[in-house]
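Spelled out from the first residue to the last, the chains are:
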Amino acid sequence: MKIIKVFGLLILMLLVGVAGYIFYIKITLSPSYSGDISIGGIQNEVEVYFTAYGVPHIYAQSDEDAYRSLGYVHAKERLWQMDLLRHVGSGRLSELFGPDMIKNDKFLRTMGLNSYAAESAKDYISRNHSTLPLVRAYIDGINSYILNNPKPLEHRILGIDVEPFEIQNVFETLTYMSFSFSNAHITDPVLTELSQKLDSTYLQDLNIYHYKGESTLQSFDDRYRLQAKNTISVLESIGVPEFIGSNSWVISPGKSATGKVILSNDPHIAFGQPSVWYESHLNTPTSEYYGYHIPGAPFPLLMHSTRHATGITMFENDDMDFYVEEIHPEDSSKYMHKGEWKEILSVKEVIKVKGEGPVSFTIRKTTHGPIVSDILRDDPMNDIVSMFWATTNFPNHMIEAVHGLTHGRDLAEIEKAASIIHGPGLNIMYGDSSGNVAWWAVGKLIKRRDERTSKTFYDGASGLDDADSVYSFSDNPHAINPPWNYVHSANNQPDTVKGVLYSGYYLPDDRGERIKQLLDPDSSVSIDDVKSMLLDNRSMMMVEVKGILLQAIKDTDRGDLLRELLKWNGNFNQDDFRPLIFQKWVNEVLKAAQYDEIGEELWPIYKRTHTYKVAAEHLIKNEKSKWWDNDTTDVIESRSDIIRNAFEVTVADLTNQWGQDYTKWQWGNAHSLRHNHAMGEVLGFLNIGDFPVSGGNEVLNNMGYTYDEGKYQTILFGPSTRRIVDFSDVRNNSYSILPTGQSGNYFSPHYSDQAEMFANGEFRKMIMNHSIIKQSENKMVMIPAN
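In this text, all values refer to a predicted model and were calculated from it rather than measured experimentally.

## Quick look at helix α6 (residues 132-148)
Logical step 1: The end-to-end C-alpha distance of α6, which contains 17 residues, comes to 24 Å, matching closely the 24 Å that a straight helix rising 1.5 Å per residue would cover.
Logical step 2: The buried fraction of α6 amounts to twelve of the 17 residues, a majority that puts the element mostly inside the structure.
Logical step 3: Considered for burial, the residues of α6 that qualify are L132, L134, V135, A137, Y138, I139, G141, I142, N143, S144, Y145 and I146.

## Let's talk about the packing of aromatic side chains
Two measures describe an aromatic ring pair: the distance that separates the ring centres and the angle between the ring planes.
Logical step 1: All chains considered together, the criterion is met by 29 aromatic pairs.
Logical step 2: Residues Y595 and W603 carry aromatic rings whose centres are separated by 5.8 Å and whose planes lie at 75 degrees to one another, so their mutual orientation is edge-to-face.
Logical step 3: The exposure class assigned to Y595 is partly exposed, which follows from its relative accessible area of 29%.
Logical step 4: Each ring, one from Y746 and one from Y751, has its centre 5.4 Å from the other, and the planes form 80 degrees; the classification is edge-to-face.
Logical step 5: Taking NZ or CZ as reference, R86 lies 3.6 Å from the ring centre of F165, over its face.
Logical step 6: Over the aromatic face of W658 sits the side chain of K711, whose NZ or CZ is 4.5 Å from the ring centroid.

## Quick look at the pairing of strand β10 (residues 320-325)
Logical step 1: Judged by how many residues are buried, β10 sits mostly within the fold: six of six residues are covered.
Logical step 2: Along β10, one buried face is formed by M320, F322 and V324 and the opposite face, lined by D321, Y323 and E325, is buried too.
Logical step 3: Taken together, the six bridges between β10 and strand β16 (residues 384-389) define a ladder with antiparallel strand orientation. Across the sheet, the residue bridging to Y323 is S386, located in β16.
Logical step 4: The sheet contact formed by β10 and strand β19 (residues 458-459) spans two bridges and is parallel. By the bridge assignment for β19, Y323 is matched with Y458.

## Some details on helix α21 (residues 639-658)
Owing to its 3.6 residues per turn, the α-helix brings residues three or four apart onto one side.
Logical step 1: Along its 20 residues, α21 runs 28 Å from first to last C-alpha, staying within 8% of the 28 Å computed at 1.5 Å per residue.
Logical step 2: Within the span of α21, buried status applies to R639, I642, I643, A646, F647, T650, V651, L654, T655 and Q657.
Logical step 3: Looking at the buried residues of α21, the elements they touch are α16 (540-552), α17 (559-566), α18 (578-598) and α20 (610-621).

## Thoughts on the packing of α18 against α20
Logical step 1: Remark: α18 packs on α20, axes separated minimally by 11 Å, with the N-to-C direction vectors making an angle of 85 degrees. The orientation of α18 with respect to α20, classified from their angle, is roughly perpendicular. Listed contacts from α20 to V586, N587, V589, L590, A593 and Q594 of α18 are Y612, A616, L619 and I620.
Logical step 2: Taken together, the residues that form the contact of α18 with α20 break down as eight nonpolar, two polar and no charged.

## Some thoughts on the pattern of salt bridges
Logical step 1: With the rule as written, the count across this model stands at 35 salt bridges.
Logical step 2: We note a salt bridge from R448 to E451, for which the minimum N-O separation is 3.1 Å.
Logical step 3: Take E451: its relative accessible area is 5%, and that puts it in the buried class.
Logical step 4: D465 is the salt-bridge partner of R449, the closest N and O atoms lying 3.0 Å from each other. You can see R449 sitting in the loop between β18 (437-442) and β19 and its partner D465 sitting in the loop between β19 and β20 (478-480), a full 16 residues away along the chain.
Logical step 5: A relative accessible area of 42% means that R449 is categorised as partly exposed.
Logical step 6: We classify D465 as buried; its relative accessible area is 7%.
Logical step 7: What emerges from the salt-bridge pattern is a single network uniting D318, D321, R448 and E451.

## A short note on the sheet that holds β20
Logical step 1: On the basis of which strands lie adjacent, the open sheet formed by eleven strands has the order β1-β28-β2-β3-β6-β7-β8-β9-β17-β18-β20 and mixed pairing. Taken across any chain shown, the strands that pair with only one partner, and hence form the sheet edges, are β1 (35-39) and β20. Each strand of the sheet is rotated relative to its neighbour by a mean of 20 degrees, with strand direction disregarded.
Logical step 2: Of the strand pairs in this sheet, strand β2 (residues 46-50) and strand β28 (residues 778-784) are connected by five bridges, and their pairing is antiparallel. Residue Y49 lies in a different strand from β28, and its bridge partner there is K779.
Logical step 3: Contacts from helix α2 (residues 63-89) reach β1, β2, β3 (56-59), β6 (278-284), β7 (287-293) and β28 within the one sheet, and its direction differs from that of β6 by about 160 degrees.

Cut-off values and rules
Residues numbered from 1 in each chain as written. Predicted model: local features only at pLDDT ≥ 70, side-chain atom pairs only at ≥ 80, totals over all residues. Heavy atoms only, no water. Helix = DSSP H or I, 4+ residues; strand = E, 2+ residues; numbered from the N terminus. Expected span 1.5 Å × (residues − 1). Buried < 20%, exposed > 50% of the residue type's maximum accessible area, 1.4 Å probe, protein only. Phe/Tyr/Trp six-rings, centres within 6.5 Å; stacked < 30°, edge-to-face > 60°. Lys NZ or Arg CZ within 6 Å of the ring centre and 35° of its normal. Pairing = 2+ DSSP bridges. Contact = heavy atoms within 4.5 Å. Axes fitted to C-alpha atoms, helices over the stretch in contact; angles between N-to-C directions. Parallel < 35°, antiparallel > 145°, perpendicular 65-115°, else oblique. Nonpolar A, V, L, I, M, F, W, Y, C, P; charged D, E, K, R; others polar. Salt bridge = Lys/Arg side-chain N within 4 Å of Asp/Glu carboxyl O.

In structure tokens, the structure reads:
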């Protein structure tokens, strides 16, 4: 009995100790939003008001004091995220997580992220641009927080310290952002393998540019897929969201119900926790704006002031080319280029690994760029493949460009700032208080012999397809004050460049068509109309193919179900069973048509490409396509055969998953949103969700997923914000929402205070009204350290 009492006492003491430690951690790490903070370098007191959702409104007497305070606030709320981003952008994840990340670090460094960021920082500092003091002030603010405050929970759990920040880290963050925009490293290897495996008519039916010409390779290596598979593996495991796509439209006074410009923007980015954007409002005697920052970068990529507003979507242009190199038969250190054997450049890299010794490896480079096939050494490819990426081959003026977009005084200055962005490819959306609306496609566009060949690997030896020149910015697609009274972008194919449709990884026209459908009528557009558009769930593709699908099953014995399906309007509403049926049906049709040709190993990779989405409608509409016949059977299948069989599979699977009564099935039960933290697999409490939601692939409310044959469709990406700027009353009537919250600190009240609102399609105001702001209960004062 005595032993039991002692044991019980020990258990009680242990529980009390654990509870005490948790309480200590919570008290220590809970962020404060009021009080005086002493910061070195600040010249005058800075007032920071935190409004209802944790948005800081910074009032400073100089720009440098404002950015020093912004750096401090960013670190206070998002230091773990900032540290993770710079480690991704420099290929140093092994320093945080140990040997499991060595493969990822090799991949990121081979892509050139770390070396380009270092070169960019050195070049930027040497230019001594007028923004340099502001960037230095921002970095000082971050480091002031690190020096005087406890490290975040994630760093404590990992048992690591936070190194001071430096300017190079800003470029590491921005360079990773550029890399995540590119789809070529997944799509090109897949299409190259398909082009060598199938005759050209198959790819023509998918509505992608491809032809067999002098630069198309005749060799075959079924391990090209490994390059794409390796890329997917890295992007899924690094814990940092990918930039996927976006919607934006800017409405001119002639169409706006307010008589003033309205800008709407919702960049589509992989969901995660913390949210991608951090909102802040800066005020100094010379400038004022409300911005969306990537923590770790001083200037906002999205912003508005009383004078103008900017937004972004992903251009999706093809800025990456791959080359199969011809290696000397007797000397593997040489490769052929334009009739000459040239030396392969070798660069040694050393990876520091948490808990272990450093790991060395070598990056080899040709005139085209790094030999990316080297990172597949565990399963070597027959071909040696190098990569040209436009982003790392031009001087980096991104910091100056974003500052110019934020502080430009008129349309001409904004256009000038946009013109110096070399990469990634973006669509800069613009509207101002004078009634101007505009859109520019930005980025260096490579001049190619034929755009239709850019999605398959080139012959590196010939030099015929080297990326030797680019178009002038004035040739890039753009629109300024068009007579139809709006500009829009939804990652779809833009207008021609010098009469040529420029190659890219554009998404289907569905969202672009829906925007035009809603904006083209003669009626004016109100703020409520714009809110409804951002939450619109109609699939234009499903509307187009619905008739073909239903015609094929007109003789089904499921007449009751057929009648219900006929009534569907294409809306992916969470409480409706029909989206669940149609999305599975279409994907089962695509699998039945294409799986036999593409193969088991390549199929899951192919589904991750934009080509899979683009091809869907074109294939279903093409009754004569060769894809319909199944190569593994003795009969010749027709489109109707495939559609009917896919319908039977769909109904049987959904019945097994959700029960006999189809009227009780709901799209939202299969389609829910969770915001996963980078460490959430181990520490589940850091994740946020699940929330059943409406929306789906390629609708305006673009809650995207890669189709899964199982019961649930895991949402991977969607609106990283829903944002509306109303120039009839910018200070009081502009709206926003974040997927989770402002803070990345688990103990903050703003860690997840917007998550349910976001899932429900609600909005909150972006306040710029000074009198309202200064009534806030939470006021922090940054005071000079002396």
